[in-house]
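# Architecture and fold: a report
One-letter residues, chain by chain:
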Amino acid sequence: MTKKIDMKKLNFILILTIMVQLSWAQKSIEMNKWMITNSQKINLPAFYDVENIDGDTFKTSDLLNKTKVDFNDKLLIWKNIEVNVDSIILNQATKSNLVLLKNYLSVDRWTQGSLYITLNAIYEVYLDGELIKTKKNADLSSNIIDVKLDRGNHQIVIKLLTSDKVLKLQSEFTYGEEFSDCNATVSLNPKRYFTINDVLEGKNVSSAQISSTGKYVLINYSEVVHDSGKSKKYSEIYDLEKQKNITVLRNKNISNVKWLPRTDKLSYVSVFEEKSEIFVYDILTGKEKSIAKGIKDLSRYTWSPTEDYIIYSEYIKAKKPGDLKRIYGNEDRLPYFRNRSFLHKIDIKSGNITQITSGNLSSGLHDIKPDGSKILFSVSEMDYSEVPFHKQNLYEMDIKTNELTSIWENKIYSGYAKYSPDGAKLLVQGGPECFGDIGVNVSEGRIPNSYDSQLYIFDLATKQVEPITKNFDPAIGDAYWSTDNHIYMSVTDKDYGNLYKYSFKSKSFEKINLLVEVLGDIDFAYNKLNAVYTGTSISTPKKLYTLDFKKAVPDGRQETSTMLSFPEKERFADIQFGKTEPWNFENKNGTTIYGRVYYPPNYDATKKYPVIVNFYGGTSPIERSFGGRYPINNWAAGGYIVYVLQPSGATGFGQDFSALHVNGWGFDAIDDIIDGTKKFLESFPNADSENVGCIGASYGGYTTMLIQTRTDIFKTAISHAGISSITSYWGEGYSGYSYNTGAAKFSYPWNRKDIYVNNSPVYNADKFQNSILLLHGTDDTNVPVGESLQYYAALKLLGKDVEMVLVDGQNHWILDYKKRIKWHYTIMSWFDMKLKNQPQQWDDMYPEKNL
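The structure displayed is predicted, hence computed values, not measured ones. Note that residues are indexed from 1 along each chain, following the sequence as it is written. It should be noted that, the model being predicted, local features are given only for residues of pLDDT at least 70 and side-chain atom pairs only at 80 or more, the latter also being counted only at that level, while totals for whole chains, interfaces and linings use all residues. With hydrogens and water set aside, each side-chain value is computed from the structure's full complement of heavy atoms.

## Observations concerning the overall build of the chain
Tallying secondary structure elements over the chain gives 14 helices and 53 strands in all. Principal-axis analysis of the C-alpha atoms places the extent of the chain at approximately 120 × 70 × 65 Å. The buried label goes to any residue with under 20% of its type's maximum accessible area, the exposed label to any with over 50%, and the partly exposed label to all in between, with areas taken from a 1.4 Å probe on protein chains only. With 851 residues in all, the chain has 53% of them scored as buried. Here, two residues are considered to be in contact whenever any of their heavy atoms come within 4.5 Å of each other. In the chain, once contacts between residues fewer than 6 apart in sequence are set aside, the share between residues at least 24 apart is 62%. Note that accessible areas follow from Shrake-Rupley with a 1.4 Å probe, and for residues the cover is restricted to the protein chains shown. Put simply, the chain shows about 39500 Å² of open surface, and 48% of that area lies on carbon and sulfur atoms. Counted as positive: Lys and Arg. Counted as negative: Asp and Glu. His and the chain ends are not counted at all. The atom standing in for a charge is NZ when the residue is Lys, CZ when it is Arg, CG when it is Asp and CD when it is Glu. Across the chain, the 100 positively charged side chains and the 102 negatively charged ones have centroids separated by 4 Å. Counting from the N terminus, the helices are the DSSP runs of H or I reaching at least four residues and the strands are the DSSP runs of E reaching at least two.

In structure tokens:
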């Protein structure tokens, strides 16, 4: 008697045979560990299997796709299973029930391979939340899914509908010989590395404001959607006393939401047909009132402390000049220079709007006097007679009569002024030379760095000036003069962002304890000694805190912080970060150069790791902040030791140190980087001295270009928006000549060829060593793309190892979501190719072409 052949069984055996044969030619790993959910009944839609208007039938596979599930939902109940030889993962299954399978595939390098899945069910496969395969029939057949995996742990999810009572699964991951050094593992452990998507996506606190009474907080959120990069924005009002949200604002047509200065009311702007209307909303009564309407070209507005009027800026765009444009000065090269801003007053009681400034020069509001009687505003104009080629006039205006009193005129170094609580003095923020030499504190022969911001007290009656931060090393970011007569200032303090309090009585500074390493924004309540602030730390994303200055804490200090919002807490719960630690050295001048080291996650002290060295661009130090345009944690997660140093010229270390940035193009900073890297490699035997790269952007990109002509310790380098000729940047970039009024003060191409020629990378291209990748946005107006183009041309003609990638339509910063991700992987794949001998991802992104 002839036995009937079980075709399903035979088919399954043949599939397994093919998979075994394939594994001989490739490396493979069985994926036999899974987590599985209980079967969940899915209710079929009405008129299931009835043809629609196009003649199609609603299929079971459509039902699977339309059933949306959050794979990380805490309410899902998972159990661990191990697939045995019989491949059975579920017995006695009910037909058309939903089941989820999940595991994690980890690789220690970028890898291209295939998932082989054999499963008798309709299913969808997701890789890190992305749908990568759909199987629309329930037979026992195999699917091959090609995948590209970055270094790290990747979530694999199979979402399926049961068909047979016995559910069978066979799966493995295979990859070719070119990835033979890859260590791939399968586990049920969700711990993973930090990725570029963690930098760009998710929900974050964008800003927060506290009401004058300190009772309510306006929290503004932004949420970037995965894959699209589109942002959703909304606001919440939080009651600090009741500790709960009381309302949500999701109307996309409102903007400029802010608290009134003395009462717990909100104001905001709504725009209709290019005209603005300002509203006030009383959160206690729920009533909204229109304050003024029909406002054209409104850019920003400020309430009077007495709440009886508003000052707003009208931003007027100049008419286009036509095909030919005469340039009336250096700033006139900028397309927006001819636009103008003027101040207007809105009387709250009557609703009348009055223009209070006019003329040929834009006017900018500084502050409104606490009693509401006067305002401070300034105008500036070009003046090529002396550096920095513009002069500022500051005026005080009587708000009732529009009568002007000049505070200062033709001021060479401008300042930003705010009233003291009693209105008798001004708190002025400006550079060290804002009031001549009175605020300067540098060694003989050095020129102060105008970007090293300072604070001054200006007496309106006597016009006497007191420089209060002259001997205070941190650089000032912002300042607030409180009603209890203290000045609170957010500062750059080496690579930290800290908060300090200045006491007039003792003339001393006291650091305020915060729960972040880098302070973001801070907002103070007018009638109560508390505030709200945002901030980050090296391995901690942005959080929102309240700060109570009168609440006693165990160490005796009179301020304490309480976390108010951390929207991405769950997202970051499973992310592994490597450790960080400080590493400083003494340079040739006996000065301590501060730095820090980032280690890869799961760092093994017995192994050698390639090294990435990173340094500042411009004159600001690389802070200990999280994420950002250059996410150092992500580089470390790529398997690198990252050394960050703050070379000579950075602000936040005192005026004498930051002064080394002035006329320092190609001098002290580069020496610090080279010497520091050599000492670092000597001190870290597990840092692979044969595979060291460096990266910098803007001024740091210039440093990167030039450093490859000075040393051979960097096997490769990456320059983003670097400056190859200081002269062409000085003359062409929107900010070139104005930036150099500080960075190259009194120095020009005709009197300092030692800077403009001798220390320009393009004039040293023949001394170039090793390799470099040049990155640049094609629409960069700060550092024109020609700076990279001409360096690329020179290095190509010299037969040097150079590549260039241009990012279409991007300015100085790469902001477009999808381009930013590709730009990031361009950086990582270049370092992998040059420092790890792993060219596969670079070749995949940029294959060779014969043009």
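## Here we look at the sheet that holds strand β24 (residues 309–316)
Read across the open sheet, the four strands follow the order β23-β24-β25-β26; overall the sheet is antiparallel. The open sheet has two edge strands with one neighbour each: β23 (298–303) and β26 (353–355). Taking the axes of each pair of neighbouring strands and ignoring which way they run, one obtains an average angle of 25 degrees across the sheet. Across eight bridges, the pairing between β24 and strand β25 (residues 340–347) is antiparallel. Strands are labelled as partners when DSSP assigns at least two bridges between them. Axis definition: a line fitted to C-alpha atoms, limited for helices to the stretch in contact. Angles are taken between N-to-C directions and run from 0 to 180 degrees.

## Some points on the nonpolar core
Note on terminology: a nonpolar core comprises buried Ala, Val, Leu, Ile, Met, Phe, Trp, Tyr and Cys residues joined through side-chain atoms within 4.5 Å. Counting residues in each nonpolar core, the largest one holds 85 residues, and the members touching the most others are V613, V642, W665, F680, I772 and F831. Per-element tally for this core: the top contributor is helix α13 (residues 817–835), with seven residues. Residue contacts for F831: discarding those within four places in its chain leaves I612, Y640, G693, C694, I695, T716, I718 and K836. By size, the runner-up hydrophobic cluster in this structure holds 35 residues, among which are W110, L115, L119 and I158.

## Thoughts on the sheet that holds strand β17 (residues 231–239)
If you walk across this open sheet you meet the four strands as β15-β16-β17-β18, and the pairing is antiparallel. Each edge of the sheet is formed by a strand with only one pairing partner; in this case those strands are β15 (202–210) and β18 (244–249). Strand-to-strand twist across the sheet, computed as the mean angle between neighbouring axes with direction ignored, equals 30 degrees. Sheet topology note: the β15/strand β16 (residues 216–224) ladder contains eight bridges and is antiparallel. Considered in β16, the bridge of A208 is made with I219.

## Side note on the pattern of salt bridges
Where charged atoms of side chains with opposite charge meet at close range, the side chains can pair. For this analysis, a salt bridge means a side-chain nitrogen from Lys or Arg found within 4 Å of a carboxyl oxygen belonging to Asp or Glu. Using the criterion set out here, one finds 26 salt bridges in the structure. K418 is the partner of D478 in a salt bridge, and the nearest nitrogen-oxygen pair spans 3.3 Å. Taken together, the positions of D478 in strand β35 (residues 475–481) and K418 in strand β31 (residues 415–419) put the pair 60 residues apart, joining distant regions of the chain. According to the relative accessible area criterion, D478 is partly exposed, its value standing at 40%. Linked by salt bridges that have partners in common, R192, D198, E201, E568 and R571 make up one network.

## Here's the deal with the environment of D688
Along the chain, D688 turns up in strand β50 (residues 687–697). For D688 and L119, which are 569 residues apart along the polypeptide, the C-alpha to C-alpha distance reads 45 Å. Those residues in contact with D688 that sit more than four places away from it in its chain are K608, Y609, P610 and V611. Pairing of N or O atoms within 3.5 Å defines a polar contact, subject to two protein rules: one partner must be a possible hydrogen donor and the other a possible acceptor, and residues neighboring in sequence count only if both atoms are side-chain atoms. Polar side-chain contacts of D688 include one of 2.8 Å to the side chain of N691.

## Side note on unusual backbone geometry
Glycine aside, negative phi is the norm for most residues, and most peptide bonds take the trans geometry. V387 connects to P388 through a cis peptide bond whose omega is 10 degrees. Position of P388 among the secondary structure elements: in the loop between β28 (374–382) and β29 (390–398). At N602, a residue that is not glycine, the phi angle is positive and equals roughly 55 degrees. Note on placement: N602 falls in the loop between β47 (595–598) and β48 (609–614). In this structure, N770 takes a positive phi of about 65 degrees despite not being glycine. Structurally, N770 can be placed in the loop between α11 (753–756) and β52 (771–777).

## Quick notes on α13
In this analysis, the expected span of each helix is defined as 1.5 Å times one less than the number of residues it contains. For α13, which comprises 19 residues, the first-to-last C-alpha distance of 27 Å matches the rise-based estimate of 27 Å (1.5 Å per residue) to within 8%. In terms of burial, α13 is largely enclosed, as 16 of its 19 residues are buried. The first or second residue beyond α13 is N837, which carries a positive phi of 60 degrees.

## Side note on the packing of aromatic side chains
When two rings of Phe, Tyr or Trp (its six-membered ring) have centres within 6.5 Å they constitute a pair, described as stacked for plane angles under 30 degrees, edge-to-face for angles over 60, and tilted for the intermediate range. Under the criterion given, the structure shown has 54 aromatic pairs. For the pair W665 and Y702, a centre-to-centre distance of 4.9 Å together with 75 degrees between the ring planes defines the contact as edge-to-face. Residue W665 is found in the loop between α6 (655–658) and α7 (668–683), and its partner Y702 is found in helix α8 (residues 699–707); the two are separated by 37 residues along the sequence. With relative accessibility at 0%, the residue W665 sits in the buried group. On the accessibility criterion, Y702 (0% relative accessible area) is buried. One aromatic cluster in this structure is built from Y451, Y616, W665, Y699, Y702, Y729 and Y739. Over the face of the ring belonging to Y309 we find K345, whose NZ or CZ atom lies 5.5 Å from the ring centre. Our definition puts a charge over a ring when NZ of Lys or CZ of Arg is within 6 Å of the ring centre and also within 35 degrees of the ring normal.

## Structural notes on the environment of Y643
Looking at the element boundaries, Y643 is found in strand β49 (residues 641–645). The class of Y643 is buried, set by a relative accessible area of 0%. Along the backbone, Y643 and T677 are 34 residues apart, and their C-alpha atoms lie at a distance of 8.2 Å. For Y643, the residues in contact, after removing those within four places along its chain, are W583, F585, G595, R596, I612, V613, N614, G676, T677 and F680.

## Observations concerning α7
Its 16 residues give α7 an end-to-end C-alpha distance of 22 Å, which sits within 8% of 22 Å, the value for a rise of 1.5 Å per residue. Of the positions making up α7, those classed as buried are D668, A669, I670, D672, I673, I674, G676, T677, F680 and L681.

## Notes on the pairing of strand β36 (residues 486–493)
Regular strands place side chains that alternate from one sheet face to the opposite one. Taking burial as the measure, the eight residues of β36 include eight buried ones, the bulk of the element. Burial of β36 is two-sided: the residues H486, Y488, S490 and T492 facing one way and the residues I487, M489, V491 and D493 facing the other way are all buried. Judged from the six bridges that link them, β35 and β36 form a sheet pairing that is antiparallel. Looking at the pairing, W481 lines up with I487 of β36. In this structure, the hairpin formed by β35 and β36 is closed by a connection of four residues, where N485 is found at a positive phi of approximately 65 degrees. Pairing of β36 with strand β37 (residues 496–503), which is carried by eight bridges, proceeds in the antiparallel orientation. Bridge pairing in β37 places V491 opposite N498. The hairpin formed by β36 and β37 contains two residues between the paired strands, and K494 there has a positive phi angle of roughly 55 degrees.

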